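Observations on chain architecture
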Amino acid sequence: MTTVIGVRFRTAGKIYYFGPKDIEFKRSDHVIVETARGVEYGTVVLPNMEVDDSKITQPLKNVIRKATADDDEREKRNREKEKDAYKVCLEKIHKHGLEMKLINAEYTFDNNKVLFYFTADGRVDFRELVKDLAGVFRTRIELRQVGVRDETKILGGMGICGRPLCCHSYLSDFAPVSIKMAKEQSLSLNPTKISGICGRLMCCLQNEAEVYEELNRKLPKVGDTVTTSDGLKGEVRETNVLKQLVKVVVEVDDEKELREYAVSDLKFKPRHKKDSDDGGKGEKGGKRQKNKDKHNKKTHEEIEEELELEELERLEQKDGKSKLDDD
């Protein structure tokens, strides 16, 4: 076991471990540390604690010192300088006619490097831009291309729930999200309703995914035939996942009735541990043809919506992890 502290360098950023030397740190203390990017100013989010050696990336670096009032003032000046650096870089991008969107400028604490984050549809040849910027700032210049998720993580904003964005407030990395999670939670599959302001699937779909998946396994599917506790057979019309209730159409005295049962009062063939959600891959020919026929009957709007969902899924897999903490 080794004594460490956890330090962050940006809001909701990745947590890095450092040795505290003989200093006792509290949460929200500021520290000066040496990183791969140079000397940096960080915030303690995990005070002195013991962690297993297997969780530490060796060699473990010690903090240089607890931040002083002068360090705090220098960090404040750096934040002001970043605004000017952003404006200069924006002008140079326009001058060189580059197809890129500048997101943020960031000085290292020791001013040894200026990082510029940007998004672009493809690769950008920014070699001349780097030379131009180096001539202005007289220091090392790094341009880092990030994705739209990282752009939103840096800039922040409000989600459709009315709360600050998860990625900007507490998520240190992006959890894998899929369309299947929205299906499990019976959410609308309208792309605009399950996408965040970054244009990707909402990170919060992951929050309750495991709970819904487990609860759904205990329920029959809509359209399944079930036997009720009072000896009736019927077809499932609707399910309530959280309450574990099932509405079943049963026939009583030659009349059909819609009754609600607890899932424990029903007998039915249970689902497999994980239902296939591969869009038809591996299905038998007859079932695949049936799905094609069903697809042909869909409206133009429904087909467009499905194509948008497929594109969302593709982009989700392409984006991968955050590019902000590569070093």
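Just above, that's the structure.
These remarks concern the structure in this document. (Residues numbered from 1 in each chain as written. Predicted model: local features only at pLDDT ≥ 70, side-chain atom pairs only at ≥ 80, totals over all residues. Heavy atoms only, no water.)

Thoughts on helix H6 (residues 209–217)
All of the buried residues in H6 are Ala209, Tyr212, Glu213, Leu215 and Asn216. Buried residues in H6 make contact with helix H5 (179–184). (Buried < 20%, exposed > 50% of the residue type's maximum accessible area, 1.4 Å probe, protein only. Helix = DSSP H or I, 4+ residues; strand = E, 2+ residues; numbered from the N terminus. Contact = heavy atoms within 4.5 Å.)

Topic: the pairing of strand E12 (residues 255–262)
Pairing geometry for strand E11 (residues 245–252) and E12, over eight bridges, is antiparallel. Paired with glutamate 251 across the two strands is lysine 256, which belongs to E12. (Pairing = 2+ DSSP bridges.)

Quick word on the side chain of aspartate 132
Position of aspartate 132 relative to the elements: it lies in helix H2 (residues 127–137). Given a relative accessible area of 18%, aspartate 132 falls into the buried group. Non-local contacts of aspartate 132, meaning those with residues more than four positions away in its chain, are made with Lys92, Lys95 and His96.

As for the pattern of salt bridges
One pass over the full model with this rule turns up 19 salt bridges. One salt bridge in this structure joins lysine 92 and aspartate 132, with 3.7 Å as the shortest N-O distance. Remark: aspartate 132 occurs in helix H2 and lysine 92 occurs in helix H1 (residues 69–96); sequence separation between them is 40 residues. One salt bridge in this structure joins arginine 259 and glutamate 257, with 3.0 Å as the shortest N-O distance. (Salt bridge = Lys/Arg side-chain N within 4 Å of Asp/Glu carboxyl O.)

Let's talk about the nonpolar core
Core analysis: the biggest nonpolar cluster contains 17 residues, and Met100, Phe116, Leu133 and Leu143 have the highest contact counts within it. Those elements that place two or more of their residues in this core are H1, strand E6 (101–107), strand E7 (113–119), H2 and strand E8 (140–145). Ignoring any residue separated from it by four or fewer positions in sequence, one finds phenylalanine 116 in contact with Ala85, Cys89, Leu102, Asn104, Ala105, Leu133, Phe137, Ile141, Glu142, Leu143 and Arg144. (Core = buried A, V, L, I, M, F, W, Y, C linked by side-chain atoms within 4.5 Å.)

Structural notes on a negative patch on the surface
Residues Glu251, Asp253, Asp254 and Glu255 make up a contiguous surface patch of negative charge. Within the element layout of this structure, aspartate 254 appears in the loop between E11 and E12. Judged by its relative accessible area of 72%, aspartate 254 is exposed. (Patch = residues over 30% accessible without salt bridge, like charges linked within 9 Å, V, L, I, M, F, W, Y side chains within 5 Å. Areas by Shrake-Rupley, 256 points an atom, 1.4 Å probe, with all protein chains shown as cover. Lys, Arg positive; Asp, Glu negative; His and termini not counted. Charge placed at Lys NZ, Arg CZ, Asp CG, Glu CD.)

Remarks on the side chain of arginine 144
Along the chain, the position of arginine 144 falls in strand E8. Polar contacts involving the side chain of arginine 144 include one to the side chain of glutamate 142, which spans 2.8 Å. (Polar contact = N/O pair within 3.5 Å; in protein donor to acceptor, adjacent residues only side chain to side chain.)

Comments concerning the sheet that holds E12
Taken in spatial order, the five strands line up as E12-E11-E10-E9-E13 in an open sheet, and their pairing is antiparallel. What marks the edges here is a single partner per strand, and that holds for E12 and strand E13 (266–267). Bridging between strand E9 (residues 225–228) and E13 involves two bridges; their strand directions are antiparallel. Paired with threonine 228 across the bridge in E13 is leucine 266.

Observations regarding the packing of aromatic side chains
Applying the stated criterion to the full structure yields five aromatic pairs. Centre to centre, the rings of phenylalanine 9 and phenylalanine 18 are 6.3 Å apart; their planes meet at 85 degrees, and the pair counts as edge-to-face. Taken together, a centroid distance of 6.0 Å and an interplanar angle of 45 degrees make the contact between phenylalanine 116 and phenylalanine 137 tilted. Taken as a pair, phenylalanine 116 in strand E7 and phenylalanine 137 in helix H2 lie far apart in primary sequence, 21 residues in all. (Phe/Tyr/Trp six-rings, centres within 6.5 Å; stacked < 30°, edge-to-face > 60°.)

Describing unusual backbone geometry
Phi is mostly negative for residues that are not glycine, and the peptide bonds are mostly trans. Of note, the amide linkage connecting glutamine 58 to proline 59 takes the cis form, showing an omega dihedral of -5 degrees. Within the secondary structure layout, proline 59 lies in the loop between strand E4 (38–51) and strand E5 (65–66). Here the phi dihedral of glutamine 244 falls at roughly 55 degrees; this positive angle occurs in a residue that is not glycine. By secondary structure assignment, the location of glutamine 244 is in the loop between strand E10 (233–240) and E11. One non-glycine residue, aspartate 254, adopts positive backbone phi at about 65 degrees.

Focus on the sheet that holds strand E2 (residues 16–18)
Strand order across the open sheet formed by five strands is E2-E1-E4-E3-E5, with antiparallel pairing between neighbours. Looking at the sheet topology across the chains shown, the edges are occupied by E2 and E5. Two strands pair when backbone bridges link them, and strand E3 (residues 30–35) and E5 are joined in this way by two bridges, in the antiparallel orientation. Across the sheet, the residue bridging to valine 31 is lysine 66, located in E5. In the packing of H1 onto the sheet, the strands contacted are E3, E4 and E5, and the crossing angle to E4 comes to about 125 degrees. (Axes fitted to C-alpha atoms, helices over the stretch in contact; angles between N-to-C directions.)

Examining helix H3 (residues 148–155)
Burial of H3 is extensive: six of the eight residues sit out of reach of the surface. Three or more residues of H3 are buried, namely Arg149, Asp150, Glu151, Thr152, Lys153 and Ile154. Following H3 by one or two positions, glycine 156 adopts a phi angle in the positive range, close to 75 degrees.

Description of the packing of H1 against H2
It is the contact of H1 with H2, at a shortest axis distance of 10 Å, that shows an interaxial angle of 140 degrees. The two elements H1 and H2 cross, and the hand of that crossing is right-handed. On H2, the residues touching Ala85, Val88, Cys89, Lys92, Ile93, Lys95 and His96 of H1 are Glu128, Leu129, Asp132, Leu133, Val136 and Phe137. Class assignment of the residues belonging to the contact of H1 with H2 gives a composition of eight nonpolar, one polar and four charged. (Left-handed = near helix turned anticlockwise from the far one by under 90°. Nonpolar A, V, L, I, M, F, W, Y, C, P; charged D, E, K, R; others polar.)

By themselves, these observations are geometric and do not establish any function.
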